[in-house]
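Topology and contacts: notes
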Amino acid sequence: MTTTVSARQEQQVHDDAGRSAPMIRRCQVSIVRSTPAGQPMASEDRRRPGQLRRMNGALLTLWDLSPCIDVAALVLTELVTNAFQHGGGEDITVTWCADVTHLTMRVEDSSPVRPVLRTVDETSEGGRGLGIVEALADAWGVSEDGRTVHCALALADHTA
C-alpha cells in the first residue's frame with residue numbers, strides 16, 4: 001500500500017475592502033489499492049475504511065471539530081467502502097475540507113460509473129451506503145464525470 005497525505009491550512013484572507021474570509025483547512029489522502037478494480041476486496045483493502053476512520057478522528061480532533069467525528073466517520077466509511085468495492089483505477093483519494101460552516105468530504109476513484117442511490121428492503125444484504133449518506137449529510141452529490149462523491153456536514157448541527 002502507498003499512502004500519500006497532504007494538508008494545508010489557509011490563514012484568513014483579506015479582500016480589497018478589508019473584509020476577511022474564513023480560514024479553510026484541507027487534508028488529502030491517496031491510497032493505492034491492493035486489489036485490482038472489479039475483483040473481490042483483499043483483506044488489506046478491507047482494512048482501509050477503518051484506517052481512514054481513525055485518520056478522520058485524529059484530523060477532526062486537530063481541527064477542533066470533535067462533535068462531528070462520529071457522523072463524519074460513518075459517512076466516510078460508506079463512501080470509501082463503495083469506492084473500494086465498485087470504483088475503478090489504482091488509487092482512491094479522500095479529501096477533507098472545513099471552513100466556518102461546513103465539513104466537506106470527497107472520495108474519488110477512476111470509475112466513470114455514477115453511484116446511484118438504491119431502494120432496498122429489510123431482506124437486502126447491501127445497497128444501503130448512499131442511503132446512509134443521504135440521511136446523515138446535509139448535502140451530497142456525484143461529480144459530472146462520476147468519479148467523485150462528495151458530501152457536506154453543517155458544523156452548526158454538530159457543534160451546538
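The name given to the protein in an unreviewed UniProt entry is ATP-binding protein, and the organism recorded there is Streptomyces stephensoniae.

Of the regular secondary structure elements, the protein holds 5 helices and 8 strands. Reading the protein from its N end, one meets helices and strands in the order β-β-β-β-α-α-α-β-β-α-β-β-α. Sorting the 160 residues of the protein into buried and exposed places 38% on the buried side. Look at the contacts in the protein between residues 6 or more apart in sequence, and 60% of them connect residues 24 or more apart.

Moving on: the nonpolar core. Among the nonpolar cores identified, the biggest contains 33 residues, and Trp63, Trp96, Leu103 and Met105 are the most heavily contacted of them. When contributions to this core are tallied by element, the ones reaching two or more residues are β4 (24-32), α2 (48-62), α3 (69-86), β5 (91-98), β6 (102-108), α4 (129-136) and β8 (148-154). The element that contributes the greatest number of residues to this core is α3, accounting for 8 residues. Residues contacting Trp63, with those up to four places away along its chain left out, are Arg25, Arg26, Cys27, Trp96, Cys97, Ala98 and Leu103.

Turning our attention to the environment of Leu136. With respect to the helices, strands and loops of the structure, Leu136 is situated in helix α4. Relative accessible area serves as the criterion here: at 32%, Leu136 is assigned to the partly exposed category. Sequence separation of Leu136 and Ala72 is 64 residues, and the distance between their C-alpha atoms is 8.7 Å. Setting aside residues up to four positions removed in sequence, Leu136 forms contacts with Val71, Leu74, Val75 and Leu153.

In this structure, Asn56 sits in helix α2. Look at Asn56 and you get buried, because its relative accessible area is 0%. Once the C-alpha coordinates of Asn56 and Leu76 are considered, the two residues, 20 residues apart in sequence, prove to be 8.3 Å apart.

Our focus in this paragraph is the pattern of salt bridges. As enumerated under the stated definition, the model contains 2 salt bridges in all. A salt bridge links Arg48 to Glu44, with the shortest nitrogen-to-oxygen separation between them at 2.6 Å. For Arg48, a relative accessible area of 2% puts it in the buried group. Arg147 serves as the salt-bridge partner of Asp145, at 3.8 Å between the closest nitrogen and oxygen. A relative accessible area of 42% means that Asp145 is categorised as partly exposed. Arg147 gets classed as partly exposed once you look at its relative accessible area, which sits at 30%.

A separate point is the packing of α2 against α3. Running from amino to carboxyl end, α2 crosses α3 at an angle of 145°, the nearest separation of the two axes being 9 Å. The way α2 lies across α3 gives a crossing that is right-handed. Contact with α2, carried on its side by Arg48, Pro49, Leu52, Arg53, Asn56, Gly57, Leu60 and Thr61, involves Ile69, Ala72, Ala73, Leu76, Thr77, Val80, Thr81 and Phe84 of α3 and no other residues of that element. Grouping the constituent residues of the contact of α2 with α3 by class yields 9 nonpolar, 5 polar and 2 charged.

This brings us to the environment of Ala135. Within the secondary structure, Ala135 sits in helix α4. Residue Ala135 is classed as exposed on the basis of its relative accessible area, which comes to 63%. Sequence separation between Ala135 and Val75 is 60 residues, and the spatial gap between their C-alpha atoms is 9.5 Å.

Calculation criteria
Residues numbered from 1 in each chain as written. Predicted model: local features only at pLDDT ≥ 70, side-chain atom pairs only at ≥ 80, totals over all residues. Heavy atoms only, no water. Helix = DSSP H or I, 4+ residues; strand = E, 2+ residues; numbered from the N terminus. Buried < 20%, exposed > 50% of the residue type's maximum accessible area, 1.4 Å probe, protein only. Contact = heavy atoms within 4.5 Å. Core = buried A, V, L, I, M, F, W, Y, C linked by side-chain atoms within 4.5 Å. Salt bridge = Lys/Arg side-chain N within 4 Å of Asp/Glu carboxyl O. Axes fitted to C-alpha atoms, helices over the stretch in contact; angles between N-to-C directions. Left-handed = near helix turned anticlockwise from the far one by under 90°. Nonpolar A, V, L, I, M, F, W, Y, C, P; charged D, E, K, R; others polar.

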